[in-house]
Amino acid sequence: MAGLATTFGSGAMTNSINEIEAAEVILVSGSNTTEAHPQVARRIYAAKDRGAKLIVIDPRRTAIARLADLHLALKPGSDIPLINGLMKVILDENLADDLFIELRTENFFALRDYLYRLDLAEVYRQTGVAPEELRRAALLYGRAGKAVICYCLGVTQHVCGTANVEVLANLAMLTGNVEKEDAGVDPLRGQNNVQGACDMGALPGMLPGYQPVTDPEARQRFAAAWGVEPPAWPGRTLLAMTHGREPDSGDGPVSKSDSPAAKPGGAGGADQPGQPDPASGIRALLIMGENPLLSDPDLNGVAENFRRLDFLAVSDIFLTETAAQADVVFPAACFAEKDGCFTNTERRVQLISRAVAPPGQAKSDLEIIAALSQQLGYPMDYQSAAEVMEEIALLTPIYGGIYHDRLAGGWGLQWPCWDRQHPGTPYLHKYYFTRGRGRFAVAEHQPPAESTDADYPLLLNTGRVYHHYHTGSMTRHSAILNRECRHPLLQINPADARARQIAGGEAVRLISRRGEVEFKAELSQQVPPGMVYGNFHFAEAPINQLTTTASDRRARCPEYKICAVRLEKAGGDEGRRP
Amino acid sequence: MNAVPRDRVRENVFTICPYCGCGCGLYLRCEGDQVVGVLPSRHHPVSRGNLCVKGWQLPEVIQHPARLTSPLRRKNGRLEPVSWDEALAYCAAELGRIGAEHGPEALGVLASAKCTCEENYLLQKFARAVLKTNNIDHCARL
Ligand code: SF4
């Protein structure tokens, strides 16, 4: 969530989930909330029942979009001009919060100058959203006393994902919808502990609590506790590891120093002694509970890279596609068989408790890591997860007051929680932004990395369904969830289907520059003509064989949401009637 | 079969749904070492008496017969059950060997948004303090 970090200084959801219920206007962007975040959708419905207005920005007519007072069906990848257009109308109508801008933000004049020059006719051409609609949305959002923006991967999984987030943050600051309860900018985290994994420093450039590895003082603190100093230069990102190289960037060559996560520390940087040659590859991977052979973009590229590895170790609860390729597999305990904490999307750190024993010889990942570490000559003698959390609290200021004994019996604590007396923080940026002043950032339209052409005339959009979760490694093992949602479906607009003589339920083949996958066709008005939509939960239709690794330059988030494809009947040419 | 230690036998165990970022609070209904049902927490600030279909179906996934129950090691191209000692020693030896031959930057670690904070913390500590690399990431962006 690099965009929020550059604007506000912190990349987490600014509100609590329940605050959404009290908002006057809710703007949902690139989130199929009903299916991906059911409880957030429930709060949005409750707010609507109370009379709140809902604006949805999504190329697809999703369930939440059908409920919206205003659905802006923009062209995929045109979020930036759309939000810039909204801001221009808000400025023109004098709906900006001048006092907030004056007291709490910086760089406003750069944005204002840019917006003055912005041509709304051009915005219409880029987004396909009619000027009247844009105006209605701007007035709705601009006049609200308390407005919340919720966004999800539909915003971040683009080559311009970071800038997409920045413009949303700009919009909130322009109208003063940040510092208060029931108003803010809320990235909805997809998986249950994404927030926690980021907080804990499972990031190549960050130690726990977002302390950069390039900061010598931070490294010293960890060295004092660990007896070993962490390396001073940022490591490789997920895609660099699973693809064996840094991903292509949508806008020119990847330069390490552009990425905030990879910023070299002061004079050190590239001249650091021992800094590796970026061309040398990964030879061994240790993977805990992930399934990159189904979840990563350009799967054929991942599979090829995995074959080149000297060694692959996987710890998981099922034999996933990735575990099946491993040299050694550790059977892991699932959430019901261990103690520990999950941090949800509203930064709430919550305790989970062991209810039953793991099956057979399975062990918790905590035990597995400690045992490996012991073998490699670095003993980790923790008696319990609670003891690990005590070490975390000592080294991670935002978790400074989070201990298992405080979490037990309550509903968790929302970070930042600085010390044992601190009650936790339901909403962020009260009185001041984490970075001091909120910074306006000017962003211009950036076309998707891959556009359609005569050979690949359709755009593919990917996402999740209500019944399944991520790569389905867990949910696909439920008979009921599978009965409700068994087949990998591809949504096609009826007009596109007619042009290719495809009927509903028919087998179709989807082809991109990187691979091809078979689906069952579902004719649906939910997708506009020119676009198809599929889910990534299904091993039998690994949609990520099609997607691109083109990534946002700063967040390294791949552009899952858009790639160019061609659609055929699965029978090929023979199946087509003359 | 591991028995649940006596002191851990409880009727309803409060925990958090492992699926989406909402983080619903729920009770696992246990009989012995079986999870037999789920109840949403009525007063939990997120679930407020409600779960989505994924949360309700948790017991079946926890007790699924396809769960991995033994460490596996590839021998002659096939994954075969081995002891923990063998699996751990083999993994540690390989990580150690490759790290020594090609430098720590040839090693990579993927953490998980499905594991706990403590496990993610320990894994990044393992990467940084033991393997001596910052090559650690997880799929936040996916
Ligand atoms: S029950 Fe459903 S909404 Fe609640 S955390 Fe689980 S997956 Fe998310």
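Bear in mind that the values here come from a model prediction, so they are computed numbers and not experimental data. (Residues numbered from 1 in each chain as written. Chains lettered and ligands numbered in written order. Predicted model: local features only at pLDDT ≥ 70, side-chain atom pairs only at ≥ 80, totals over all residues. Heavy atoms only, no water.)

Colleague: When you look at the overall build of chain B in this model, what are you seeing that I'm missing?
Modeller: Secondary structure summary: chain B contains 4 helices and 7 strands in total. In terms of principal-axis extent, the alpha carbons of chain B reach across some 55 × 35 × 30 Å. Buried residues in chain B amount to 63% of all 142 residues. Taking as baseline every contact in chain B between residues at least 6 positions apart, the subset at least 24 positions apart corresponds to 32%. Total accessible area on chain B stands at roughly 5,200 Å², and carbon and sulfur atoms take up 50% of it. Separation between the mean location of the 18 positive side-chain charges and that of the 14 negative ones in chain B comes to 5 Å. (Helix = DSSP H or I, 4+ residues; strand = E, 2+ residues; numbered from the N terminus. Buried < 20%, exposed > 50% of the residue type's maximum accessible area, 1.4 Å probe, protein only. Contact = heavy atoms within 4.5 Å. Areas by Shrake-Rupley, 256 points an atom, 1.4 Å probe, with all protein chains shown as cover. Lys, Arg positive; Asp, Glu negative; His and termini not counted. Charge placed at Lys NZ, Arg CZ, Asp CG, Glu CD.)

Colleague: Even after reading the chapter, I still don't get the pairing of strand E20 (residues 531-535) of chain A, so can you show me in this structure?
Modeller: A regular strand places its side chains so that they alternate between the two faces of the sheet. Residues and elements named next belong to chain A. For E20, the tally of buried residues reaches 5 of 5 residues, placing the bulk of the element in the interior. Neither face of E20 is open: one carries Met531, Tyr533 and Asn535, the other Val532 and Gly534, and all of them are buried. One ladder, built from 3 bridges, connects strand E17 (residues 489-492) with E20; its direction is antiparallel. Across the sheet, Ile492 pairs through a bridge with Val532, a residue of E20. (Pairing = 2+ DSSP bridges.)

Colleague: Where do I start with the side chain of A:Thr105 in this structure?
Modeller: All names here are of chain A. Take Thr105: it is sitting in strand E4 (residues 105-106). On the basis of relative accessibility, which here comes to 4%, the residue Thr105 falls in the buried class. Only 2.6 Å separates the side chain of Thr105 from the backbone oxygen of Ile101, close enough to count as a polar contact. Residues contacting Thr105, with those up to four places away along its chain left out, are Phe100, Met173, Arg437, Gly438 and Phe440. (Polar contact = N/O pair within 3.5 Å; in protein donor to acceptor, adjacent residues only side chain to side chain.)

Colleague: Can you help me understand the nonpolar core in this one?
Modeller: Side chains of nonpolar character tend, in soluble globular proteins, to be buried together. Ranked by internal contacts, the top residues of the largest apolar core, which has 62 residues, are A:Phe311, A:Phe330, A:Tyr399, A:Ile402, B:Leu123 and B:Phe126. The contact partners of A:Tyr399, leaving out residues within four places of it in the chain, are A:Gly196, A:Asp199, A:Met200, A:Thr343, A:Val349, A:Met389, A:Ile392, A:Ala393, A:Trp415, A:Cys417 and B:Cys117. (Core = buried A, V, L, I, M, F, W, Y, C linked by side-chain atoms within 4.5 Å.)

Colleague: Whenever I open this one, the sheet that holds strand E5 (residues 147-151) of chain A confuses me. Can you help?
Modeller: In a beta sheet, neighbouring strands are held together by backbone hydrogen bonds and run either parallel or antiparallel to one another. Residue and element names in this part refer to chain A. Taken in spatial order, the 5 strands of this open sheet run E3-E2-E1-E5-E6, and their pairing is parallel. In the strand order of this sheet, the two ends are held by strand E3 (70-72) and strand E6 (184-187), each with one partner. Going from strand to strand, the sheet's axes swing by 15° on average, the running direction of each strand aside. Pairing of E5 with E6, which is carried by 4 bridges, proceeds in the parallel orientation. Its bridge partner lying in E6, Val148 is registered against Gly184. (Axes fitted to C-alpha atoms, helices over the stretch in contact; angles between N-to-C directions.)

Colleague: Would you explain the interface of chain A and chain B in this entry?
Modeller: In many reports, interface size means the accessible area that the parts give up when they come together. Contacts between the two partners involve 147 residues from chain A and, on the opposite side, 101 residues from chain B. Between chain A and chain B lies a buried interface of about 11,000 Å² when both sides are counted; carbon and sulfur atoms form 65% of it. Of the residues forming the side of chain A that touches chain B, the biggest block, 8 residues, is contributed by helix H17 (residues 365-375) of chain A. When grouped by side-chain class, the residues that make up the side of chain A that touches chain B number 87 nonpolar, 37 polar and 23 charged. Relative to strand E4 (residues 72-75) of chain B, strand E11 (residues 328-331) of chain A is paired through 2 bridges, and the arrangement is antiparallel. Paired with A:Val329 across the bridge in E4(B) is B:Leu72. (Buried area = accessible area lost by both parts, 1.4 Å probe. Nonpolar A, V, L, I, M, F, W, Y, C, P; charged D, E, K, R; others polar.)

Colleague: I would appreciate a short explanation of the state of the cysteines in the present structure.
Modeller: Two cysteines whose sulfur atoms are joined by a covalent bond form what is called a disulfide. Under the criterion given, the structure shown has 0 disulfides over all chains. Free cysteine: A:Cys334, not disulfide-bonded; nearest cysteine sulfur from B:Cys30 at 11 Å. (Disulfide = S-S within 2.5 Å.)

Colleague: I tried to follow the confidence of the model for chain B on my own but got confused; where do I start?
Modeller: Detailed reading of the predicted coordinates is not advisable wherever pLDDT is low. All names here are of chain B. Across chain B, the average pLDDT comes to 85, with 90% of residues at 70 or higher. Least confident of the elements in chain B is helix H1 (residues 53-56), whose mean pLDDT is 82; most confident is helix H4 (residues 117-130), at 94. Confidence metrics for the complex model read pTM 0.76 and ipTM 0.90. (pLDDT = per-residue confidence, 0-100.)

Colleague: Looking at this model, I keep getting lost on the site of the ligand. Mind explaining?
Modeller: Taken together, A:Pro38, A:Gln39, B:Cys17, B:Tyr19, B:Cys20, B:Gly23, B:Cys24, B:Leu51, B:Cys52, B:Lys54 and B:Gly55 make up the full set of residues near the ligand. At the site occupied by the ligand, nearby residues are drawn from chains A and B. Elements represented by at least two residues in the shell around the ligand include exactly helix H3 (38-49) of chain A together with H1 of chain B. Partitioned by chemical class, the residues of the shell around the ligand number 7 nonpolar, 3 polar and 1 charged. (Near = heavy atom within 4 Å.)

Colleague: Got a minute to help me understand the packing of aromatic side chains in this structure?
Modeller: A ring pair, where both rings are aromatic, is described by two values, the distance of the centres and the angle of the planes. Considering all chains together, one arrives at 9 aromatic pairs over all chains under this definition. By the ring-pair criterion, three or more aromatic residues cluster together here, those being A:Phe108, A:Phe109 and A:Phe440. In this arrangement the basic side chain of A:Arg347 is found over the ring face of A:Trp415, its NZ or CZ atom lying 6.0 Å from the centre. Positioned over the ring face of B:Tyr90 is B:Arg73, at 3.8 Å from the centre of the ring. (Phe/Tyr/Trp six-rings, centres within 6.5 Å; stacked < 30°, edge-to-face > 60°. Lys NZ or Arg CZ within 6 Å of the ring centre and 35° of its normal.)

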